[in-house]
Amino acid sequence: MTFTGKRITIMGLGFFGGTIGLARYLVSQGAQVTVTDVKSADALQDSVAALQGLPVRFVLGGHARADFTDVDMVFASPAVREDSPYLVAARSCGVPIDTEMNLFMRLCRGSVIGVTGSNGKTTTTSLLGAILRAAHPRTQVGGNIGRCLLPEVASIEPGDPVVLELSSFQLEDLAAVGRSPHIALLLNLSPNHLDRHGSMEQYLAAKMQIFASQGPEDVALLNADDPRLQPLVGGLRSQCRFFSCERVVEEGACLDGDRLLVSHSGRRSEVCRLQDITLLGRHNVANVLAAVAAADAWGVPLAVMRAAIRAFTGVEHRLERVHDRAGVRFYNDSIATSPTATMAALAAIQQPIWLIAGGYDKGISFQALGEAIIQRVKGVCLIGTTAQQIARAIEVARRPGRDLPTITFCSDLPEAVRVAADAANPGDVVLLSPACASYDQFRNFVERGRLFKHLVSALPASRAQ
């Protein structure tokens, strides 16, 4: 595959680095690169700056049809819908359309371990990367986690482990490559991105692409505790292994009392104890088990796993403890962009909770979240487009004899932090766990989480009386 002299348009610059890495790679291969995005140059200034000095042409604040019809190739960001009129125009003119991840999968000579699921992808990917790196220093970690590996693809040798976090958006076109990860993890499945996929069936179909091209020599790893995943096993051609917090498994990793075990044909060996895990919540125990099962499938020694688990302190914006003030603890869980993720955070915290939630509407029901809020939350500060929907879900979930938590509608995150911080008593927790995407008020969940941390750090040392 040669790109020398090719006129290539990249649709979608974004904020997380995939397009930046793709543009750098294509320029290094001699391509004439145009990057176009509907967002303005001001909104994308950090990403534009990251490409400064490269011969890249920018078309920002909108798209030009000619950049899709009068070129040799188009690369579409994962965020771009397949029915975009510009991609339709490209197809009508016979212009090939590809993606950064598909290109990487074609070029990568290493052995790929792919991680997908509705929740827990980044934590599992990060921990698995740390475990494998301890055993194999040439391990690479990238994908949806925010790192494009195309600039490093030539240096990845056969047998090098490559851990990829893979979103449903990245997976839905993977069939075109005819390659799946050698070890593929599906962590869990719950409603998410229905505004994009349209239905749970289509969302599941995208996730299942991670297994589509596997063969008997490959490994599929699934969550034995997720009933949605059990019917999938019969259709897989690879070796199936499992991880479970609820029961012992024959092949994979499981929790037995306070011991994390790996299991082969029913023979079990201890990896570590629950007390060795620094992360909060049962859901993070499941993430650790998934990483252990994958590392074991790779052949990593138990002692290496144990040391990496003990050293792993988590990932920014994922139940991240950011501040203690006047006996109140503050957690940043900005990555929680679905109700299921927020429910996991609520279950992980034992103290009374003041929850900050709400944001962009992805078309997901808040009914189960409303019930969880009534059971676990002392007060809730609601922001964003979905504030009224979440409030209605809380009210619908009310039962006789059970009081509603305090509900406060706030205009923005700064107001929500002030209200929650003033209302919380010593021993309480203030938790940002929005259950929604951030796009109504922020560029992304990272910007939202970092603003929360800034606002919390700026609070006075003691509460106002």
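This section reports on the structure supplied with the text. If you're wondering where the values come from, they're calculated on a predicted model, not measured in any experiment. (Residues numbered from 1 in each chain as written. Predicted model: local features only at pLDDT ≥ 70, side-chain atom pairs only at ≥ 80, totals over all residues. Heavy atoms only, no water.)

**So, the packing of helix α1 (residues 18-28) against helix α5 (residues 100-107)**
Then comes step 1: Put simply, α1 and α5 touch, their axes get as near as 10 Å, and they point 55° apart. One element, α1, and the other, α5, form an angle in the oblique class. When you trace α1 past α5, the crossing you get is left-handed. Judged by residue contacts, G18, L22 and Y25 of α1 engage E100, L103 and L107 from α5.
Then comes step 2: Classifying every residue of the contact of α1 with α5 by side-chain character gives 4 nonpolar, 1 polar and 1 charged. (Axes fitted to C-alpha atoms, helices over the stretch in contact; angles between N-to-C directions. Helix = DSSP H or I, 4+ residues; strand = E, 2+ residues; numbered from the N terminus. Parallel < 35°, antiparallel > 145°, perpendicular 65-115°, else oblique. Left-handed = near helix turned anticlockwise from the far one by under 90°. Contact = heavy atoms within 4.5 Å. Nonpolar A, V, L, I, M, F, W, Y, C, P; charged D, E, K, R; others polar.)

**Points about the sheet that holds strand β19 (residues 406-409)**
Then comes step 1: Read across the open sheet, the 6 strands follow the order β15-β16-β20-β17-β18-β19; overall the sheet is mixed. Of all strands in the sheet, those with a lone pairing partner are β15 (320-325) and β19, marking the two edges. Averaged over all adjacent pairs, the angle separating strand axes in this sheet is 20°, with direction ignored.
Then comes step 2: The sheet contact formed by strand β17 (residues 353-357) and strand β20 (residues 429-432) spans 4 bridges and is parallel. Bridge pairing in β20 places L355 opposite L431.
Then comes step 3: Contacts from helix α12 (residues 339-348) reach β17, β18 (377-382) and β20 within the one sheet, and its direction differs from that of β17 by about 165°.
Then comes step 4: Taken strand by strand, helix α16 (residues 445-457) contacts β15, β16 (328-332), β17 and β20, and its axis lies near 160° from that of β16. (Pairing = 2+ DSSP bridges.)

**Observations regarding the packing of helix α6 (residues 121-135) against helix α11 (residues 302-311)**
Then comes step 1: The geometry of α6 relative to α11 is characterised by a closest axis approach of 9 Å and an angle of 130° between their N-to-C directions. Taken together, α6 and α11 sit at an angle that is classed as oblique. Pair α6 / α11 crosses with right-handed handedness. Residue-level inspection shows L127, A130, I131, A134 and A135 of α6 in contact with α11, the latter providing V304, M305, A308 and I309.

**Re the environment of A393**
Then comes step 1: Here A393 lies in helix α14 (residues 387-396).
Then comes step 2: By relative accessible area, A393 is classed as buried at 11%.
Then comes step 3: Contacts of A393, omitting those with residues within four sequence positions, involve F366, Q367 and G370. (Buried < 20%, exposed > 50% of the residue type's maximum accessible area, 1.4 Å probe, protein only.)

**Remarks on unusual backbone geometry**
Then comes step 1: Phi at A326 is positive, roughly 50°, even though this residue is not glycine.
Then comes step 2: Secondary-structure assignment places A326 in the loop between β15 and β16.
Then comes step 3: On the accessibility criterion, A326 (36% relative accessible area) is partly exposed.
Then comes step 4: Residue A435 is not a glycine yet carries a positive backbone phi of 65°.
Then comes step 5: Position of A435 relative to the elements: it lies in the loop between β20 and α16.

**Some words on the sheet that holds strand β5 (residues 97-98)**
Then comes step 1: In spatial order, the strands read β3-β2-β1-β4-β5; together these 5 strands make up an open sheet with parallel pairing. Each edge of the open sheet is held by one strand with a lone partner, namely β3 (56-60) and β5.
Then comes step 2: Two strands pair when backbone bridges link them, and strand β1 (residues 7-11) and strand β4 (residues 73-76) are joined in this way by 4 bridges, in the parallel orientation. Of the residues in β4, the one forming a bridge with M11 is A76.

**Quick look at the nonpolar core**
Then comes step 1: In terms of nonpolar packing, the biggest core is built from 52 residues, with F3, L26, F75, F104, L164 and F211 touching the most fellow members.
Then comes step 2: Of all elements in the fold, only β1, α1, β2 (32-37), β4, α5, β8 (161-165), β9 (183-186) and β10 (219-223) reach the threshold of two or more residues within this core.
Then comes step 3: If you tally residues by element for this core, the top one is α1, at 6 residues.
Then comes step 4: For F3, the contacting residues outside a window of four places in its chain are I8, Y25, L26, Q29, G30, A31, M73, F75 and L103. (Core = buried A, V, L, I, M, F, W, Y, C linked by side-chain atoms within 4.5 Å.)

**A look at α14**
Then comes step 1: By the burial criterion, the buried members of α14 are A387, I390, A391, A393 and I394. Burial along α14 is one-sided: seen end-on, the buried residues are contained in an arc of 160°.
Then comes step 2: Tucked inside the fold, the buried residues of α14 contact β17, α13 (367-376), β18 and β19. (Arc of directions from axis to C-beta.)

**Digging into the side chain of T123**
Then comes step 1: Topologically, T123 is positioned in helix α6.
Then comes step 2: The buried category is assigned to T123, whose relative accessible area is 8%.
Then comes step 3: Non-local contacts of T123, meaning those with residues more than four positions away in its chain, are made with L279, N284, N287, F312, V315 and R318.

**Some details on the packing of aromatic side chains**
Then comes step 1: All told, the structure shown has 4 aromatic pairs when counted by the stated rule.
Then comes step 2: Ring centres 6.4 Å apart and planes at 80° place the aromatic pair F3 and Y25 in the edge-to-face group. Of this pair, F3 sits in the segment before β1 while Y25 sits in helix α1, and the two are 22 residues apart along the sequence. Of the two residues, F3 and Y25, neither departs from the other in class, the shared state being buried.
Then comes step 3: Taken together, a centroid distance of 5.6 Å and an interplanar angle of 70° make the contact between Y360 and Y439 edge-to-face. Within this pair, whereas Y360 is found in the loop between β17 and α13, its partner Y439 is found in the loop between β20 and α16, the two being separated by 79 residues in sequence.
Then comes step 4: For Y360, a relative accessible area of 30% translates into the label partly exposed. (Phe/Tyr/Trp six-rings, centres within 6.5 Å; stacked < 30°, edge-to-face > 60°.)

Purely geometric numbers; function is a separate question.
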